[in-house]
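# A structural walkthrough
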Amino acid sequence: KSLHPSHIDRGQACMDKAPIAGNLSDPRAVIQTSFVPVVLVLCTPAAEKLCQTACNNTRFIDVLRSVLYQSPARRASVRLGEGTHEISDLKVRFMDITQLERPVDDAAALGNKVDESLPGDTFADIKIRTKADVPLFQRAYKDSTPWFDRYKVEFIRGVGSSEHEYFSHPVAVVIAAAADEANHIASLVKLYDPARPPVIFQEGRGDVTAPKLYALLQEGDVVPPAVEKKLVEMKNTFGNTSCTVVKLGDQKIDDRADGPKTVPRFVTDLVYRSVIPYVEKSISDLNEFVSASKKGSLQKMRNFFRLGAGGSGKTKEEEAPGNYIYGGSSVETATRRLADLLFMIQDYEAALANYRACAKDFNNEKTWHYFAGTQEMIGLCLFLLGRDVENFLDVANSTYQKSGRDRFAMRSTFFYGDILKLRGNFKTASDVYSRAAERDTDPFCSAILQEQAAFCYLFMSPPMFRKFSFRLIMAGLRFADINKRKHALRCYMWAYSVYEGKSWAAVDDHLHLSLVRHSYSLSRMNDALHYIQKLLAKNIQSFQKQNSIVREFLYICKAAGAVGGEAFPPIPIPVINNNAVRVYLNDYTPQGSDIIWNEMEDAFRLEDAVHNKGPARQGFDLWKAKEDTQLKTKISVVEEVIYVEVEIKNPLSVPLQFTHMHLTATLEPPTTPAAAPSSPTPFSPPPAHDPASSSPADPSSPAPVHSPRHDQCDWPASSEVSMAHAEPQATEGETAAVVQALLDELVARRGVQGFRVFPVDVLLGPQEVKRLRLALQPLKEGVLTIQGIAMCMCGSVWGRREFTLKQRRLNKTPQQRQTPTYEPNLTLTIKIAPPMPRLEVAFQDMPRYIYNGEVRRAGLTLHNCSTKTGLRNVRVRLSHSTFVTIGEDEKGSSHDAPLTSSGTSSMSSSMSSMSSSSSGTSSSLIPAIPVNVSVGPNETLTIPLWVIGGAVGSFTFCFLFYYESELPNREVRYRLTRCQAEVKVLPSIRVSAFTQQSATDLHAYVLGLDVENKDPNMAFGVKQVSCVSTVWRIDPLCQMQQGGLTVAGKQSFNSFFRISRAPTTEDSGASTTDTTKKAVSRHVGNKVHTDVLLDTAKQGVDSAEHPQLTFLRKEHALQRRIQAQQAHAHAHPHKDDRTTRPGAPPQDHTSAEMDDHINKLDLIVFWEGSKQLGGPPTIFGQHNVPLVSFMPMHNKDPLLASPWGTMPRGNHLLAGRMRNDLVPVPLRFDIDSPAQVAHRFQSGSICVVPIKLHVANCSSYTSLTFDFTTLMPHELADPEHGRAMYAWAGTSAYLDISLAPQAQTSLDLSVCFFQPGVFNLNRFKFTVRAPDQPNQDVFSPFQHLISVEDGEVRE
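Description of the structure in this document. From a predicted model like this one, the values you see are computed outputs, not experimental measurements.

Assigned secondary structure in the protein consists of 32 helices and 52 strands. Within the protein, contacts between residues separated by at least 24 positions form 75% of all contacts whose residues are at least 6 apart in sequence. Total accessible area on the protein is roughly 60600 Å²; 50% of this is exposed by carbon and sulfur atoms.

Shown next as structure tokens:
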């Protein structure tokens, strides 16, 4: 298969245009096609013109070449002496006189010719990084460097003629004239005059006896008579066998169309009738001359004395014409010419013998270029004969250089390198190419030799990648010097595949910059952008270099856009911190504890499932910080702004300006058609835009922009919908108008208006990091995928940066463990639902600092941002329910201001106060507080809010609001809104309560209050103590005074009260007042409220009003839940808590009974505080002390810490535990005796005092039976009087005494005293028995003192 040039450049007539046959990378084919007999072709100008007209603008010599190389192999036999030599494929080489007179010295012209013959794309797609890539590269590119092979052949053909070899000497001459020439004989003689032949024959570079063929060129198949006549004249002049007519037809030689048969016949006759006979005759004559010369005595003498060429002793310049060293009649010349002729007819054995013969003479006579020539041909003969070439070619190369024959040295380099590569000796081949590349002055030749050396390093075993890439970079530099950018880019791309990712700063910079410039010069804009992005991403250059790179990047990007590049091409800056990308919806507040928010959201979902008796409904549970966060698709609604927080960084040392920065996204239509008639059809043409109706209602939301196109920043064309938004505050001026108008134009092509744009301008200083919150407002339903950000860099180039979020690898199946598989990260995928109202909540007068127990009034503002739909069924869940109460009580109160409304509609119903069941330690346990309001479109409501400092510390109050749309929504049935406040609670006073039995009344108890001031800078005064119980009231045991009980800083005081039963009345509103002690009791519902005013100068506080009672109920419920949880944990010590939901209440029947027991009460201590003692009060507060119990409590088992009679029947587990533990008993007793007794002990009698022991059963549910037994006294009452002994007299025991619930009895006892003194009558015990309960011994827990004096009682 022959290669043919696409056209013939007549301007380079000196270059060989012959087609090249065979495999150019095979040295055998190259050698056999390069060293062939040469035929000189001479044409008159008229003949050339005729041939170009008839043969598609092709010269006559090229017609002959094409016919020769298109014809099949020509087998020939050459007679050599008595035998013959067979030639398998005899080729000749047609050359014009210019090629023989002057060799090709123009290296640039040769390089350009090679470039013209290259294919259009010579860039490798396979990257070479590892050893495994080398076989892939070799299979994909079997001929990796065809330009080198083409250059090699062209160079060998154009190396020119020299006196030391005869391959370029013509073996025949073709002389052609046009048939229409008037004096064709004169024209032919002028071309070749035997008396004055061309210069090459005069200089001895040709044989004048070579056969001459005269051709008369005729266009067409018919030969006119005039042409026949001219042919006869030619035969008469030049000989009958040397003249012919060549017919030329109208055909395309380059398309391999068969021409007239006269041209192939002419070529065949030339080869077989002229070339071969001449070669046979020349070989025969030369053989005879060499043989005769070697046998003569004169030659023997010359060899003996080693005389110079010709043997005359003359200088080389005088010996032969043309300054040749050896004359044409010398035996050395004859031997060399004989060897060359034998080599051309492929008789390599005979040629090798003659080359060896003359090589000795050349070496002895130190004619080095002759010697180098013979060494070169010896090496080629050995190679063609399949033998080892040893170092003949290497010696030839060095000797050529020694003699100054650089072109022939380069020819031997080509041959030697090909032979070494063919035999797999890549190491030596690389050295040969490298040495030749370093000494050659032709940049193109040096470049391709460096490239060949690089591939030799690559094909070694093992490959030497670093040397491979280094040589490629050297080749790229040489190619770039001579403006061969295609070759330079190829070398840099291959070298870059090796260095990529190695973090070699200098190499990366050089490669990237070179790749950028060469790609841009070759109009490979995508490659130029890719590599300059890599260059910018390294950002380790100096300030000046980075500034230059940025300018070059901007220029390339603008050029790429001008030729139809990508609308938003990727750019390497700014750098995005993908780990910091966050998506925020309007419902979201980033601060606070995620655990608390998750618990409250879960509680809403569970409540909704219970309320609807089905699975949980869809809602905005967008903030779940669980493992499936990446797989959870978020939900937003139409016309609500979506915010994406992005952290960007300028990695360069130069400041950068980014304008019109916005988000890029895609919008896919919903999978199911819209069901609600009010919802717009997905991707339908948008209606007429109404800014008032579609813009967000709140001032902080972005405002829509509609402005004409900006004439200074053109929007790039794109077929994709890519719309984005930015920070709302950046919408002022022309920035938003430009991007909005351009995006509107962009999306108008597809009839989709999916987003509203809010761009932002950003100036990033050197190495600066900024955190931006970009906005995107969807206008249609569907699935929104946020892809990245787009921007205009430095006001001239548009680009984009995409988000690359981390994905979680799957590791569940064997396939996933073997092949890395990752879950899709749906963080930036948002489902856009139909329109729905949006609630915004804000605080009014929320305190930042508050004292412990201080009560403040604040407010909550509810605003519906939607202008189309109202909201209803508002509920709220609190993280700190005991600190906050919302709204007013059912009746309202005089001190609460009415609700205010900024809208046109009124509230649907009054607010309800929180019930006691809305308290708890875990927010997930708190039932939602109904806020029975309906907020219309764009309406604002204000709700009262009361705050109390429940505990000392810093707290974050989390409010989670639940609400639904007034219109049905198929996608989102409810929404959640977060709101939170930071409050710090400062210490004020500490209040603790303790109780004990009354020593004077079986049905009364003593309550003690301990108040301590914890703030040294404040003075607090206790103004009122209130009690809330089922049947009990309290009365002060000390006289009240004006100003109440005041405690200064770091001080404390105690106050005591009497607990007694409140009088019953049928009127629940009746009250009983003790005017002396200022205690007021009244029945409110099923509770008794007692208010004890300690400051007589001020009006009291109604403990039954809101928010005082509400805060007490909250604290009461909290303490009850804590006790229930402790009891549950104690009853189930080995149960795994993980089996139940965290914070779930224990399922125990005792919790409700404990709450309603009559022997418990709640206390409220109202106080005022001031900065100085006695100063005006500045703060007001209350301390709640819930669940104060005054019955005997067990001190070991919290589960049993409840009064007798509350234990459920049938609880076998509890009953079994009671048999081994002490159980509290509802037994009350009191001793009735005189406090002082006088007796005359001198009379010799003892003192006997009768007493009564009153015993009562305090239980309201269970009867009991007891035994009473007296004990021996042994107490020392008064050490001054010695041992004060007493003894029981009379009845000392009562057995099996039964008492019904709430019953009592009296026991008559007598005690004997033997001496005066003070005695404690507590030496007795009760053994109490109850059904299904163990027996319990009860001793007297208090002292009962009696004073006995000696003498009579004084009046």
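The alternating pattern of strand S12 (residues 634-637) places Lys634 and Ser636 on one face and Ile635 and Val637 on the opposite face, and all of these are buried. Pairing of S12 with strand S20 (residues 829-833) involves 4 bridges; the strand directions are parallel. Of the residues in S20, the one forming a bridge with Val637 is Ala833.

Inspection of the entire model under this criterion finds 46 aromatic pairs. Arranged with centres 5.2 Å apart and planes meeting at 45 degrees, the rings of Tyr151 and Phe444 form a pair that is tilted. Taken as a pair, Tyr151 in helix H7 (residues 146-157) and Phe444 in helix H20 (residues 443-458) lie far apart in primary sequence, 293 residues in all. Between Tyr1286 and Phe1319, the ring centres sit 6.1 Å apart and the planes meet at 80 degrees, which makes this aromatic pair edge-to-face. One end of the pair, Tyr1286, is in strand S46 (residues 1286-1289); the other, Phe1319, is in strand S49 (residues 1317-1320), with 33 residues separating them in the sequence. Relative accessible area serves as the criterion here: at 3%, Tyr1286 is assigned to the buried category. Residue class for Phe1319 comes out buried when judged on its relative accessible area of 1%. Taken together, Phe148, Tyr151, Phe155, Phe414, Tyr433, Phe444 and Phe479 form an aromatic cluster joined through their ring pairs. When the ring centre of Trp368 is taken as origin, the NZ or CZ atom of Lys402, which lies over that ring, is 4.2 Å away. One cation-aromatic arrangement involves Arg877 over Phe604; the distance from NZ or CZ to the ring centre is 4.5 Å.

What follows is about the side chain of Arg1228. Tracing the backbone through its elements, the reader meets Arg1228 in strand S42 (residues 1227-1232). The exposure class of Arg1228 is buried, given its relative accessible area of 1%. For Arg1228, the side chain forms a polar contact with the side chain of Tyr1005, separated by 2.9 Å. In this structure, Arg1228 is in contact with Gln997, Ser998, Asp1001, Leu1002, Ala1004, Tyr1005, His1254, Val1255, Ala1256 and Cys1258, ignoring residues within four places of it in sequence.

Let's shift gears to the nonpolar core. If you look at the biggest cluster of nonpolar residues, it comprises 180 residues, and the most contacted ones within it are Phe60, Phe94, Phe343, Phe468, Met661 and Phe803. The biggest single contributor to this core is helix H11 (residues 262-295), with 12 residues.

Along the chain, Ser523 turns up in the loop between helix H23 (505-521) and helix H24 (525-538). Sequence separation between Ser523 and Ala560 is 37 residues; the distance between their C-alpha atoms is 8.5 Å.

Strand order in this open sheet of 4 strands is S42-S44-S48-S46, and the pairing throughout is antiparallel. In the strand order of this sheet, the two ends are held by S42 and S46, each with one partner. Strand-to-strand twist in this sheet, taken as the mean axis angle between neighbours without regard to direction, amounts to 35 degrees. As paired elements, S42 and strand S44 (residues 1247-1257) share 6 bridges and run antiparallel to each other. By the bridge assignment for S44, Arg1228 is matched with Ala1256.

Moving on to the pattern of salt bridges. On inspection of all chains with the given rule, the structure shows 48 salt bridges. Ionic pairing is found between Glu376 and Arg411, a salt bridge with its closest N-O pair at 2.8 Å. Here Glu376, found in helix H16 (residues 368-384), pairs with Arg411, found in helix H18 (residues 406-422); they are 35 residues apart in sequence, far enough to count as distant. Looking at Glu376, the relative accessible area reads 0%, which means it is buried. Given the relative accessible area of 2%, Arg411 is considered buried. Note that Glu601 is salt-bridged to Arg978, the shortest N-O span being 2.9 Å. In this pair, Glu601 sits in helix H26 (residues 594-612) while Arg978 sits in strand S30 (residues 975-986), placing the two residues 377 residues apart along the sequence. Here Glu601 and Arg978 have matching classes, each one buried.

Another point: the sheet that holds strand S3 (residues 38-43). Reading across from one edge, S6-S3-S7-S8-S9 is the order of the 5 strands in this open sheet, with parallel pairing throughout. Edge positions in the sheet fall to strand S6 (93-95) and strand S9 (243-248), since each of these pairs with one other strand and no more. Across this sheet, the average inter-strand angle for adjacent strands is 30 degrees, counted without regard to direction. Two elements, S3 and S6, share 3 bridges in a ladder whose sense is parallel. Along S6, the bridge assignment pairs Leu40 with Met95. With respect to the sheet, helix H8 (residues 184-191) is in contact with S3, strand S7 (170-178) and strand S8 (212-219), its orientation differing from that of S7 by roughly 150 degrees.

Criteria and thresholds
Chains are numbered independently. Their residues run from 1 in the order of the written sequence. Thresholds applied to this predicted model are a pLDDT of at least 70 for local features of residues and 80 or more for the giving and counting of side-chain atom pairs; totals over whole chains, interfaces and linings are not thresholded and use all residues. With hydrogens and water excluded, all non-hydrogen atoms of the structure serve as input to the side-chain values. Labels follow the DSSP assignment, with helices taken as runs of H or I lasting at least four residues and strands as runs of E lasting at least two, numbered in each case from the N terminus. We call two residues in contact whenever any of their non-hydrogen atoms come within 4.5 Å of each other. In this description, accessible areas are obtained by the Shrake-Rupley approach with a 1.4 Å probe, and a residue is regarded as covered only by the protein chains that are shown. Burial here depends on accessible area, computed with a 1.4 Å probe over protein chains only, as a share of the maximum for the residue type. Under 20% is buried, over 50% is exposed, and the range in between is partly exposed. Criterion used throughout: strands pair if DSSP finds at least two bridges between them. For Phe, Tyr and Trp, rings pair up if their centres lie within 6.5 Å, where Trp contributes its six-membered ring, and each pair is then called stacked (planes under 30 degrees apart), edge-to-face (over 60) or tilted (otherwise). In this analysis the charged atom, NZ for Lys or CZ for Arg, is taken to sit over a ring once it is within 6 Å of the ring centre and within 35 degrees of the ring normal. Counted as a polar contact is a pair of N or O atoms within 3.5 Å, where, for protein atoms, one must be capable of donating a hydrogen and the other of accepting one, and residues adjacent in sequence contribute only when both atoms are in side chains. In this description, a nonpolar core means a group of buried Ala, Val, Leu, Ile, Met, Phe, Trp, Tyr and Cys residues linked to one another through side-chain atoms lying within 4.5 Å. Between the N-to-C directions of two axes lies an angle of 0 to 180 degrees, each axis being a line fitted to C-alpha atoms and, for a helix, fitted only over the stretch in contact. One side-chain nitrogen of Lys or Arg within 4 Å of one carboxyl oxygen of Asp or Glu is enough to make a salt bridge.

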